[in-house]
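# Structural description and commentary
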Amino acid sequence: MSNPTVRAIVTDIEGTTTDISFVHKVLFPYAHAKLPDFLRANAETPAVAEQLDAVRSEMGDPTASLEAAIDQLLHWIETDQKVTPLKALQGMVWADGYQRGDFTGHLYSDVAPTLRQWKDSGKALYVYSSGSVQAQKLLFGYSDEGDLTPMFSGYFDTHIGHKREASAYQQIIAELDLPAEAVLFLSDVVEELDAAKQAGMQTLQLVREGTQAGNTHACVTRFDEIAF
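Residues numbered from 1 in each chain as written. Predicted model: local features only at pLDDT ≥ 70, side-chain atom pairs only at ≥ 80, totals over all residues. Heavy atoms only, no water.

## Observations concerning empty space enclosed by the protein
The rolling of a water-molecule-sized probe over the atoms marks out the regions of remaining empty space. The final tally for this structure, using the stated rule, is 1 cavity of 30 Å³ or more. The calculated volume of the largest cavity comes to roughly 160 Å³. Lining the largest cavity are 15 residues, with L27, W94, S129, G131 and A135 sitting closest to its centre. Broken down by secondary-structure element, the contributors of at least two residues to the lining of the largest cavity are α1 (20–42), α4 (84–100) and α6 (133–141). Here the lining of the largest cavity is built from residues that sort into 8 nonpolar, 5 polar and 2 charged. (1 Å grid on protein atoms, 1.4 Å probe; cavity = no way out; pocket = protein on both sides within 12 Å on 5 of 7 lines; lining within 4 Å. Points joined across faces, edges and corners; volume = space filled by probe spheres on them. Helix = DSSP H or I, 4+ residues; strand = E, 2+ residues; numbered from the N terminus. Nonpolar A, V, L, I, M, F, W, Y, C, P; charged D, E, K, R; others polar.)

## Considering the nonpolar core
Counting residues in hydrophobic clusters, the biggest one holds 54 residues, and the most contacted among them are L39, L73, W94 and L186. In terms of residue count, α1 provides more of this core than any other element does, 9 residues in total. Ignoring any residue separated from it by four or fewer positions in sequence, one finds W94 in contact with L27, F28, Y30, A31, F103, A135 and L138. (Core = buried A, V, L, I, M, F, W, Y, C linked by side-chain atoms within 4.5 Å. Buried < 20%, exposed > 50% of the residue type's maximum accessible area, 1.4 Å probe, protein only. Contact = heavy atoms within 4.5 Å.)

## Section: the pattern of salt bridges
Taken as a whole and assessed by the stated rule, the structure comprises 11 salt bridges. For D53, the salt bridge is made with R56, and the minimal N-O distance between the two is 3.4 Å. Taken together, the positions of D53 and R56, both in helix α2 (residues 46–59) and 3 residues apart, correspond to about one turn of that helix. Of the charged contacts in the structure, one is a salt bridge between K82 and D80, with a shortest N-O distance of 3.5 Å. Among the residues examined, K82 registers a relative accessible area of 34% and is labelled partly exposed. Connected via shared salt-bridge partners are D110, R208, R222 and D224. (Salt bridge = Lys/Arg side-chain N within 4 Å of Asp/Glu carboxyl O.)

## Things to note about the packing of α2 against helix α3 (residues 66–78)
One can describe the packing of α2 onto α3 by two numbers: an axis separation of 10 Å at closest approach and a directional angle of 75°. When the axis of α2 is compared with that of α3, the two are roughly perpendicular. The residues of α3 that touch α2, namely those facing L52, V55, R56, E58 and M59, are L66, A68, A69, Q72, L73 and W76. The class makeup of the residues in the contact of α2 with α3 is 8 nonpolar, 1 polar and 2 charged. (Axes fitted to C-alpha atoms, helices over the stretch in contact; angles between N-to-C directions. Parallel < 35°, antiparallel > 145°, perpendicular 65-115°, else oblique.)

## Remarks on the environment of I9
Following the sequence through the fold, I9 ends up in strand β1 (residues 8–11). Residue classification places I9 among the buried residues on the basis of a relative accessible area of 1%. Spatially, the C-alpha atom of I9 lies 29 Å from that of I77, the residues being 68 residues apart in sequence. Sequence-distant contacts of I9, that is, excluding residues within four places in its chain, are made with W118, K123, A124, L125, Y126, L184, L186 and F228.

## Quick look at the packing of α1 against α3
With their axes 10 Å apart at the nearest point, α1 and α3 run at an angle of 170° to one another. The orientation of α1 relative to α3 falls into the category roughly antiparallel. On the side of α1, the interface is formed by F28, A31, H32, L35, P36, L39 and R40, while α3 contributes L66, E67, I70, L73, L74, I77 and E78.

## Thoughts on helix α7 (residues 166–176)
The set of residues buried in α7 consists of A166, A168, Y169, I172, I173 and L176. For α7, the buried positions fall inside an angular range of 155° around the axis, keeping them on one side. Note on α7: the residue one or two positions beyond its end, D177, has a positive phi of about 60°. (Arc of directions from axis to C-beta.)

## Observations concerning the packing of aromatic side chains
The tally for this structure, following the rule as stated, stands at 13 aromatic pairs. Ring geometry for Y98 against F103: centres 4.7 Å apart, planes inclined by 75°, an arrangement best described as edge-to-face. The exposure class assigned to F103 is buried, which follows from its relative accessible area of 9%. The interplanar angle of 25° and the centroid separation of 5.4 Å between the aromatic rings of W118 and F223 together place this pair among those described as stacked. (Phe/Tyr/Trp six-rings, centres within 6.5 Å; stacked < 30°, edge-to-face > 60°.)

## Concerning the sheet that holds strand β2 (residues 124–128)
Strand order across the open sheet formed by 6 strands is β3-β2-β1-β4-β5-β6, with parallel pairing between neighbours. Single-partner strands in this sheet number two, and they are β3 (152–156) and β6 (219–220). Inspection of the sheet shows strand β5 (residues 202–206) paired to β6 by 2 bridges, in the parallel sense. Residue pairing for β6: L206 is matched across the bridge by V220. Sheet strands in contact with helix α5 (residues 111–120) are β1, β2, β3 and β4 (183–187), and its direction is about 135° off that of β2. Lying over the sheet, helix α8 (residues 190–198) contacts β4 and β5, oriented at roughly 170° with respect to β5. (Pairing = 2+ DSSP bridges.)

Here it is in C-alpha cells:
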C-alpha cells in the first residue's frame with residue numbers, strides 16, 4: 001500500500017496486533033477464574049457497583065442477586081458475548097493480573113517497531129476494539145514490548161458503537177476531525193472492514209495465521225508490509 005493521504009491509523013487488536021489465542025487462552029480463562037471472587041470482594045465499590053447495575057439492566061432484572069449476576073457474566077464469557085459491562089469488569093480483573101505480572105500483553109513481533117515508525121512519521125495512532133478502553137490500555141501498557149500507550153492518541157470501544165456498523169466508524173471520524181479518506185482502519189474481520197469502508201475510511205485486512213482472506217479489501221500479513 002502506498003498512499004500519502006493517510007494521516008491517522010485505527011487498529012483492531014484481536015487477530016490484528018495480537019494473537020486471538022492470547023485473548024481466548026489467557027485473558028478469558030483468567031477473568032473466568034478470578035471474576036467471581038473479585039466481585040464478591042468489591043461489589044460495594046462504586047465503579048464495580050455501577051457495572052453490576054448495568055449487568056442487571058442487560059439481564060432485564062434490576063433486583064438480580066450478586067450470584068445471579070456472576071452466573072450471567074460467566075455465561076457471557078463462555079459464549080464470547082460483546083457486552084459492555086462485562087468488558088469493563090473483565091478489564092478490572094485483568095488490571096490486577098497485569099500488575100501482578102501474571103501475564104504480559106501479546107503483540108506480534110512486527111507490531112511495535114512499525115507503530116513506532118508510523119508515529120515518528122507523523123501518523124496519529126488509535127485503537128478500536130470490542131474490548132474495553134481500559135483493557136486496551138492494559139494490553140499495550142503491559143505489552144511484551146513494554147509500555148506502548150504513549151504512542152496512541154486515543155482508544156475506542158463498544159461505547160462508540162458496534163464494530164460491524166458503519167455508524168460507529170462515522171462517529172470515530174467525527175471525533176478524529178479528519179476526512180474519512182485520511183483514516184486507515186486495520187482489522188482481520190471482513191465485516192468490520194466493510195463497515196469502515198462504508199463510512200469512507202481506507203481499509204486493509206490483516207491475514208494472520210488462522211485468518212481467512214476476503215476479496216473486498218487489500219490484504220497484508222504483517223504491519224511492516226504496509227508502506228506509505
